[in-house]
Amino acid sequence: MKHGYSIEPKSNDLAVDAQGLVKLFGDNRAVDGVDLQVKAGSIYGVLGPNGAGKTTTIRMLATLLRPDAGSARIFGYDVLKDSQIVRQLIGVTGQYASVDESLSATENLVIFSRLLGLGRAESKRKAADLLEEFGLTEAAKRPLKNFSGGMRRRLDLAASLIAQPPLIFLDEPTTGLDPRTRAQMWETIRRLVKTGSTVLLTTQYLDEADQLADRIAVIDRGHVVAEGTVDELKASVGTSSLQLRVQQEADIMEARRIVNHMLAVQSNVSSEATKITAPMADPDRVTDLLLALREAGIALAEVSVQKPTLDEVFLSITGQGVQEGATK
Ligand SMILES: Nc1ncnc2c1ncn2[C@@H]1O[C@H](COP(=O)(O)OP(=O)(O)OP(=O)(O)O)[C@@H](O)[C@H]1O
Ligand SMILES: [Mg+2]
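A. Quick peek at the sheet that holds strand 4 (residues 69–74). Strands sit in the order 2-1-4-5 across an open sheet of four strands; the sheet is antiparallel. Among the strands making up the open sheet, the edge pair consists of strand 2 (28–39) and strand 5 (77–78). Across five bridges, strand 1 (residues 14–25) lies against strand 4 in antiparallel orientation. Bridging from a neighbouring strand, Ala18 pairs with Ala72 of strand 4. Sheet strands touched by helix 1 (residues 54–61): strand 1, strand 2 and strand 4. Its angle to strand 1, the strand with the most contacts, is close to 120 degrees.

B. Focus on the packing of helix 9 (residues 252–263) against helix 10 (residues 285–295). Interaxial distance between helix 9 and helix 10 falls to 10 Å at its minimum, and their mutual angle equals 145 degrees. The crossing of helix 9 and helix 10 is right-handed. Contact residues: helix 9 offers Ala255, Ile258, Val259, Met262 and Leu263, while helix 10 offers Arg285, Asp288, Leu289, Ala292 and Leu293. For the contact of helix 9 with helix 10, the per-class residue count stands at eight nonpolar, no polar and two charged.

C. How the structure looks around the packing of aromatic side chains. Going through the model one piece at a time under the given rule, you end up with zero aromatic pairs. The lysine or arginine in question, Arg182, covers the ring of Tyr205, its NZ or CZ lying 4.5 Å from the ring centre.

D. Highlighting unusual backbone geometry. Positive phi values are uncommon outside glycine, yet Glu172 reaches one of about 45 degrees. Within the secondary structure layout, Glu172 lies in the loop between strand 7 (167–171) and helix 6 (179–194). Phi is positive for Arg221, close to 50 degrees, though the residue is something other than glycine. Position of Arg221 relative to the elements: it lies in the loop between strand 9 (215–220) and strand 10 (223–228).

E. Quick peek at the sheet that holds strand 12 (residues 268–269). Here four strands make up an open sheet; going across it, the order is 12-13-11-14 and the pairing antiparallel. With partners counted over all chains shown, the strands left at the sheet margins are strand 12 and strand 14 (300–306), one partner each. Seen against the sheet, helix 9 touches strand 11 (240–246), strand 12 and strand 13 (275–280) and runs at an angle of roughly 5 degrees to strand 13. Of the strands in this sheet, strand 11, strand 13 and strand 14 touch helix 10, which is tilted by about 15 degrees from strand 11.

F. Representation of the nonpolar core within the structure. Leu109, Phe134, Leu155, Ile189 and Val199 are the most contacted members of the largest nonpolar core, which has 32 residues in total. Those elements that place two or more of their residues in this core are helix 3 (105–115), helix 4 (120–133), helix 5 (149–160), strand 7, helix 6 and strand 8 (198–203). In this view, Val199 contacts Ser42, Ile43, Tyr44, Ile168, Leu170, Ile189, Leu192 and Val193; residues no more than four positions away in its chain are not counted. Core analysis: the second largest hydrophobic core is formed by 30 residues, Val46, Ile58, Leu89 and Ile219 among them.

G. The site of ligand 1, seen in detail. Around ligand 1, the surrounding shell holds 14 residues, and the nearest of these are Asn50, Gly51, Lys54, Thr55 and Thr56. The separation between an oxygen atom of ligand 1 and a polar side-chain atom of Asn28 is 3.1 Å. One of the backbone N or O atoms of Gly53 is found 2.9 Å from an oxygen atom in ligand 1. Put simply, the parts of the chain that give the shell around ligand 1 at least two residues each are strand 2 and helix 1. Counting residues per element, the shell around ligand 1 draws most heavily on helix 1, which supplies three residues. Across the shell around ligand 1, the residue classes tally to four nonpolar, seven polar and three charged.

H. Structural view of helix 10. Within helix 10, burial applies to Val286, Leu289, Ala292 and Leu293. Buried residues along helix 10 cover an arc of 125 degrees about the axis, so they all sit on one side. Turned more than 90 degrees from where helix 10 packs its buried face, Arg294 and Glu295 sit exposed. Looking at the buried residues of helix 10, the elements they touch are strand 11, helix 9, strand 13 and strand 14. Once helix 10 ends, the next one or two residues include Gly297, with phi positive near 75 degrees.

Definitions and limits used
- Residues numbered from 1 in each chain as written.
- Chains lettered and ligands numbered in written order.
- Predicted model: local features only at pLDDT ≥ 70, side-chain atom pairs only at ≥ 80, totals over all residues.
- Heavy atoms only, no water.
- Pairing = 2+ DSSP bridges.
- Helix = DSSP H or I, 4+ residues; strand = E, 2+ residues; numbered from the N terminus.
- Contact = heavy atoms within 4.5 Å.
- Axes fitted to C-alpha atoms, helices over the stretch in contact; angles between N-to-C directions.
- Left-handed = near helix turned anticlockwise from the far one by under 90°.
- Nonpolar A, V, L, I, M, F, W, Y, C, P; charged D, E, K, R; others polar.
- Phe/Tyr/Trp six-rings, centres within 6.5 Å; stacked < 30°, edge-to-face > 60°.
- Lys NZ or Arg CZ within 6 Å of the ring centre and 35° of its normal.
- Core = buried A, V, L, I, M, F, W, Y, C linked by side-chain atoms within 4.5 Å.
- Buried < 20%, exposed > 50% of the residue type's maximum accessible area, 1.4 Å probe, protein only.
- Near = heavy atom within 4 Å.
- Polar contact = N/O pair within 3.5 Å; in protein donor to acceptor, adjacent residues only side chain to side chain.
- Arc of directions from axis to C-beta.

Next up, the structure:
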């Protein structure tokens, strides 16, 4: 039996099957009818700005929060009716946040291992292995209260990996990590999936979803606003993306009007204030566009045509940039 779990997944197809999940906080519809299907053995990314409802959705799927409406099954088990079983099939990072501050990293991991029924020697070995994997060996003996934010995050993930459960929820696993540790975390996540787990992760980083996720749901204000593979989402924005930079900032509004008109799209003005990005289905129209801009007397500093980035996908779907949405 996989993972040594006593409970077998009822459904081998879908690790997560959620229909119409709703969560209200007062009159705030934090999650407002979310459907999610995550295939077993895949990495699924839930992408969205601050306050979109990512954590609330995960908490409902992980039986930590009761949905106000809708239903969800984890490997075929209902999160409400079969919550005890569901809990044995999942791991959630963040749930070990209340580790003992006065104990060392090693001691904390050993305690979790023992709680999960591992023997003393195996617990010690497991703790040492995980600390090594997460680059915490040197800090192993230090009490947790002396750990940095990034170190805590790594220990948190390490703790949730002691029992490698069939489904792992990772809520913003790499937020606040330095680039090297982040890359390491990505490797760990890929390895988890190679060895049989399913991972549902939330992120605000488009490149992270791009790198890791087989499929992505973009959520905004409690709604799934787009769902698909990375390629599908990129394609939905247009086969390519046009980037224009005007020489004079004063020309930007007129330039944008012309772009929207000529390409029949909604273009975006970037924070640099002289740059316009627009989805483009037909590269052939660029000639006409450039002529129209010249006729209007608008001088360009730069023109390029690129494959859309996930950032642009996000921008075009939600009407706001991730950075913009991410400022608290
Ligand atoms: N326990 C709570 N009580 C009241 N409101 C809450 C609670 N938890 C979340 N909210 C609200 O629900 C909405 C969604 O929050 P949630 O934490 O799910 O967003 P998120 O997508 O995880 O955001 P972030 O990227 O900042 O983690 C927000 O408006 C938030 O203020
Ligand atoms: Mg959150």
